[in-house]
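As a plain string of letters, each chain reads:
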Amino acid sequence: MADVASDVLEVIAKQAKTDPAKVTRETELADLNLESLDTIELIFALEEKFNIEIPYNANEATTAGINFTTAGDVIDAVAKLVQEQKGSAA
Amino acid sequence: MNRVVVTGLGVIAPLGKNTVEFSASLRAGKSAIGPISIIETEGLITKIGAQVLDFDPLAHFEENKLPLYDRCTQFALVAAREAIAQSKLDFRAGLGARTATIIGSGVGGQGTQDENYQRLYLQGLKRCHPLTIPKLMINAPCCHITMEHGITGPSFVVASACSSANHAIGVAFQMVRSGMVEAAVTGGTEAVFTFGTIRGWEALRVMAPDTCRPFSLGRKGMVLGEGAAVMVLETYESAQKRGAEILAEIAGFGTTSDASDIVMPALEGASGAIAACLADAKLAPEQVDYVNAHGTGTTANDITETKALHKIFGEHAKKLAVSSTKSMHGHTLGAAGAVELAATICGMRGGFIPPTANYAERDPQCDLDYVPGEARERRVNVAISNSFAFGGHNAVVAVKRA
């Protein structure tokens, strides 16, 4: 879980082209100047890194119960999907 | 400057495989969006689309021609045959040299490309069919129209993603208006249903899982469609002289570029194209009755387009009927402008305004009259048709009742 959190923060920081030390659970994605394409590129990067499918539709505030407002939201969603992935693989 | 009129119209789309069927479906307000069945959907997230169902190429073409005809070329040829037959023009009697063929397409032969990549990368085969390149090239639909009908004047394909067909029609219109040519065969075609292309669209995260509900609260994005529409343009004078039936008059064309974001629409670009079109057509905003909207069903487009209409039409915006026929025939991408201008002309001729199907609930940010649910009986004298593309290419065509 801790690994997922730090890996997600690192991917977010990379996409936002910012210092990973400046990104915490409380950081709002909007404050990182992530524009529409950056968000979908971020989701793609997370899917590739963790081998998961993240349900996300740019036309909805919340897709399948997932809301990407803060970095913490992203960590929680990814952690849950990684857990489900492991469960289905076992 | 010549007045430019439409004397032939051909459509092959999810709502109908000819203009009569297409028009009847628009009037009935029935959506052709349904489960994707023309390709295997295993591995796709998107299971819905607006397809041309029960299309048998052998009912239209000799078998020995098919190795040259991608599905997008087949659609273009079928639509062109209908339009040219209706116009009763014979291009082989000399007119062909003074006729342009300008077709829009977003990508061209995607099915052909997909099939060949599968052969090489998946099946491990070593060879491509020798006609692979001429079959997949984006100009193929255009050149086959010229060959089939003996049209030897200027011909090319216009590619500006979802504005391709409106740009093609706009260019053809200007060529006839200026006198560069006497007639033009113009429109757009697209055949988007391949596994690879749909996965690409899914990755953009803008596809609706349920249906396409433009301008409605609860809309979840766009739904892909396929098909073609082609029209024959000529001067008003020549149509009059030969006693041809005039279906509509192309009144003006306006086009701008956002020069900003690759996918996000921009108010200035969209409204600028509408304003340029009205100026070109010498129309006051109050003269416009109907707008066939770009209306993709995405959050971003529908709000921006609504704002653009408010900006240009002011108080008159409330009186405008605005609908997105993509709710019924899907987003046909490079064919969209042609299919939607065809829908506009069908409505004008039939005395109705095609509806925005699947409309569920009013969105406070989309506050115009979107003709929800059912077609409206109303005489339309002047309409515009909007296309706003990825890349920031905006193109608007104005059309008048004949």
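It should be noted that the structure appears before, not after, this text.
Residues numbered from 1 in each chain as written. Chains lettered and ligands numbered in written order. Predicted model: local features only at pLDDT ≥ 70, side-chain atom pairs only at ≥ 80, totals over all residues.

Q: So what's going on with the interface of chain A and chain B? Which residues, and what values?
A: Every contact between the two is made by nine residues of chain A and, on the other side, 12 residues of chain B. Residue classes in the side of chain A that touches chain B are distributed as five nonpolar, three polar and one charged. (Contact = placed C-beta atoms within 7 Å. Nonpolar A, V, L, I, M, F, W, Y, C, P; charged D, E, K, R; others polar.)

Q: Residues and numbers for the packing of helix α9 (residues 267-280) of chain B against helix α10 (residues 299-313) of chain B, please.
A: Residue and element names in this part refer to chain B. Closest axis-to-axis distance for the α9/α10 pair is 9 Å, and the angle between their directions is 45°. Relative to α10, α9 is oriented oblique. The hand of the α9/α10 crossing is right-handed. Here α9 contributes L267, A270, S271, I274 and A275 to the contact with α10, which in turn contributes T304, E305, K307, A308, K311 and I312. Here the residues of the contact of α9 with α10 are counted per class, giving six nonpolar, two polar and three charged. (Axes fitted to C-alpha atoms, helices over the stretch in contact; angles between N-to-C directions. Helix = DSSP H or I, 4+ residues; strand = E, 2+ residues; numbered from the N terminus. Parallel < 35°, antiparallel > 145°, perpendicular 65-115°, else oblique. Left-handed = near helix turned anticlockwise from the far one by under 90°.)

Q: Quick one: what's the story with the pairing of strand β14 (residues 393-401) of chain B, residue by residue and with numbers?
A: All names here are of chain B. In terms of burial, β14 is largely enclosed, as seven of its nine residues are buried. The pairing of strand β13 (residues 382-388) with β14 spans seven bridges and is antiparallel. The residue bridging S385 from the neighbouring strand is V397, located in β14. With antiparallel pairing between neighbouring strands as the criterion, β13 and β14 make up a hairpin whose turn holds four residues, including G391 at a positive phi of roughly 100°. (Buried ≥ 20, exposed ≤ 12 C-beta atoms within 10 Å, placed from the backbone. Pairing = 2+ DSSP bridges.)

Q: I'd love a proper account of the packing of helix α1 (residues 19-28) of chain B against helix α12 (residues 336-350) of chain B, names of residues and values included.
A: All names here are of chain B. The geometry of α1 relative to α12 is characterised by a closest axis approach of 10 Å and an angle of 75° between their N-to-C directions. Relative to α12, the element α1 is oriented roughly perpendicular. Contact residues: T19, F22, S23, L26 and R27 in α1; A342, A343, C346, G347 and G350 in α12. By residue class, the composition of the contact of α1 with α12 is five nonpolar, four polar and one charged.

Q: If you had to explain the sheet that holds β13 of chain B to someone new, which residues and values would you point to?
A: Residue and element names in this part refer to chain B. Across the sheet, 10 strands lie side by side as β5-β4-β6-β7-β1-β8-β14-β13-β9-β10; this open sheet has mixed pairing. Both edges of this open sheet fall to β5 (155-158) and β10 (321-323), since each of them pairs with a single strand only. Pairs of neighbouring strands in the sheet enclose a mean axial angle of 25°, with direction left out of account. Taken strand by strand, α9 contacts β8 (248-257), β13 and β14, and its axis lies near 145° from that of β8.

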